[in-house]
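Analysis of the macromolecular model
Take a look at the letters that make up each chain.
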Amino acid sequence: MINGLHFFTTIDGVRIAYRIDGPAGKPVLMLANSIATTMHMWDGQIADLSEHFLVLRYDYRGHGESDTPEVPYSFDRLGRDVIELLDSLHIDRVHFLGLSLGGAVAQWLAIHAPERIDRLVLSNTSSYLGPAEQWQGLITSALQPENFPEFADTFIKNWFPTHMVESENAIVTSFREMVLTTRPHGIAGSWAAIRDMDMRLTASLISSPTLVIRRAV
């Protein structure tokens, strides 16, 4: 596997962008980020992580450099994107760290493809974010690009402490740009997956050693 940016095409014809960083021969750590961000969300951590791992990260469909099918997404499909990527790279098993939306993808993988997951890190995520009705209005709004500045403000306030937001921190600015450049169908499609998600019962099937990280409130 060669370090750098690459692409592969899923069985349903969607081109997915991914990146590899780190030395060959190290255990593979796969990273899955938050909704409305790209694989570059992890840029600040790659130098440290790649000392210990071969780091594999990717852009969800509808995000970053990946294609944007204009249909609702599902965690079955988002999870299979990961499996197909691993198959294309001939990687049998990975450690998997998922943040927010990525944590839901991580749970799906650990439930439905446990043989592919070694250790699991679930950060600031959930097995259920219902009721479904609350998501429908957001999905409709996401398809109207004029609403994106408001979405960006909401995401940024959820992700960063007030002092970073008010100081126009460079990291905050870069994350805001990720949100604003995400395609409407990427956010709407992902919210459709969240709308239909309920892994509260099946999460008990996760057998991988798991670290759960949650934000203090």
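Our subject is the structure that appears above.
Below is a short write-up of the structure. What you are looking at is a predicted structure, and each value in this text was computed from that prediction instead of being measured.

**What to know about the environment of glutamine 136**
Relative to the elements of secondary structure, glutamine 136 occurs in helix 4 (residues 133-142). In this structure, the C-alpha to C-alpha distance between glutamine 136 and alanine 188, residues 52 residues apart in sequence, is 9.2 Å.

**Structural notes on the packing of aromatic side chains**
By the definition in use, this model includes nine aromatic pairs. Ring geometry for phenylalanine 155 versus tryptophan 159: centroids 5.2 Å apart, planes at 15°, classification stacked. Taken together, the residues span about one helical turn, with phenylalanine 155 and tryptophan 159 both in helix 5 (residues 148-159) at a distance of four residues. Take tryptophan 159: its relative accessible area is 27%, and that puts it in the partly exposed class.

**Observations regarding the sheet that holds strand 3 (residues 28-32)**
An order of 1-2-4-3-5-6-7 is seen for the seven strands of this open sheet, with the pairing classed as mixed. Edge strands, defined here as strands with exactly one partner in the open sheet, are strand 1 (4-9) and strand 7 (210-213). Taken over all neighbouring pairs, the strand axes of this sheet differ in orientation by 20° on average, direction set aside. Bridging between strand 3 and strand 5 (residues 94-99) involves four bridges; their strand directions are parallel. Across the sheet, the residue bridging to leucine 29 is histidine 95, located in strand 5. Here helix 3 (residues 101-112) sits on the sheet in contact with strand 3, strand 4 (54-58), strand 5 and strand 6 (117-123), set at roughly 140° to strand 5.

**A look at the environment of leucine 56**
One can find leucine 56 in strand 4. Leucine 56 sits in the buried class, given a relative accessible area of 2%. Once the C-alpha coordinates of leucine 56 and methionine 178 are considered, the two residues, 122 residues apart in sequence, prove to be 19 Å apart.

**Regarding the packing of helix 5 against helix 7 (residues 170-181)**
Relative orientation of the contacting elements helix 5 and helix 7 amounts to 140°, with a least axis distance of 9 Å. One element, helix 5, and the other, helix 7, form an angle in the oblique class. Both helix 5 and helix 7 take part in a crossing whose hand is right-handed. Taking contact as the criterion, the partners of Phe148, Pro149, Ala152, Asp153, Phe155, Ile156 and Trp159 in helix 5 are, on helix 7, Val172, Phe175, Arg176, Val179 and Leu180. Looking at the contact of helix 5 with helix 7 residue by residue, the class counts come to 10 nonpolar, no polar and two charged.

**Describing the pairing of strand 6**
Pairing of strand 5 with strand 6, which is carried by five bridges, proceeds in the parallel orientation. Residue pairing across strands places valine 94 opposite isoleucine 117, the latter belonging to strand 6. A crossover links strand 5 with its parallel partner strand 6, the connecting element being helix 3, and its sense is right-handed. In this structure, strand 6 lies alongside strand 7, joined through four bridges in parallel fashion. The partner of serine 123 across the bridge, within strand 7, is isoleucine 213.

**A word on the pattern of salt bridges**
In the structure shown here, the tally under the stated rule is 13 salt bridges. Where arginine 61 meets aspartate 81, a salt bridge forms, and the shortest distance between an N and an O atom there is 2.8 Å. Of this pair, arginine 61 sits in the loop between strand 4 and helix 2 (75-88) while aspartate 81 is found in helix 2, placing the two residues 20 residues apart along the sequence. For the pair formed by arginine 61 and aspartate 81, the shared burial category is buried. Among the ionic contacts, a cluster of salt bridges with common partners joins Asp12, Arg61, Arg77, Asp81 and Glu84.

**A few points about unusual backbone geometry**
Cis geometry is adopted by the peptide bond preceding proline 131, which originates at glycine 130 and carries an omega value of 0°. Summarising the element assignment, proline 131 is placed in the loop between strand 6 and helix 4. Residue alanine 36 is not a glycine yet carries a positive backbone phi of 65°. Tracing the chain through its elements places alanine 36 in the loop between strand 3 and helix 1 (43-49). Positive phi, normally seen in glycine, also occurs at asparagine 124, with a value near 50°. Residue position: asparagine 124 is located in the loop between strand 6 and helix 4. A residue is classified by how much of its surface remains accessible, and asparagine 124, at 35% relative accessible area, is partly exposed.

Thresholds applied
Residues numbered from 1 in each chain as written. Predicted model: local features only at pLDDT ≥ 70, side-chain atom pairs only at ≥ 80, totals over all residues. Heavy atoms only, no water. Helix = DSSP H or I, 4+ residues; strand = E, 2+ residues; numbered from the N terminus. Phe/Tyr/Trp six-rings, centres within 6.5 Å; stacked < 30°, edge-to-face > 60°. Buried < 20%, exposed > 50% of the residue type's maximum accessible area, 1.4 Å probe, protein only. Pairing = 2+ DSSP bridges. Axes fitted to C-alpha atoms, helices over the stretch in contact; angles between N-to-C directions. Contact = heavy atoms within 4.5 Å. Parallel < 35°, antiparallel > 145°, perpendicular 65-115°, else oblique. Left-handed = near helix turned anticlockwise from the far one by under 90°. Nonpolar A, V, L, I, M, F, W, Y, C, P; charged D, E, K, R; others polar. Right-handed = clockwise from strand over helix to strand, strands pointing away. Salt bridge = Lys/Arg side-chain N within 4 Å of Asp/Glu carboxyl O.

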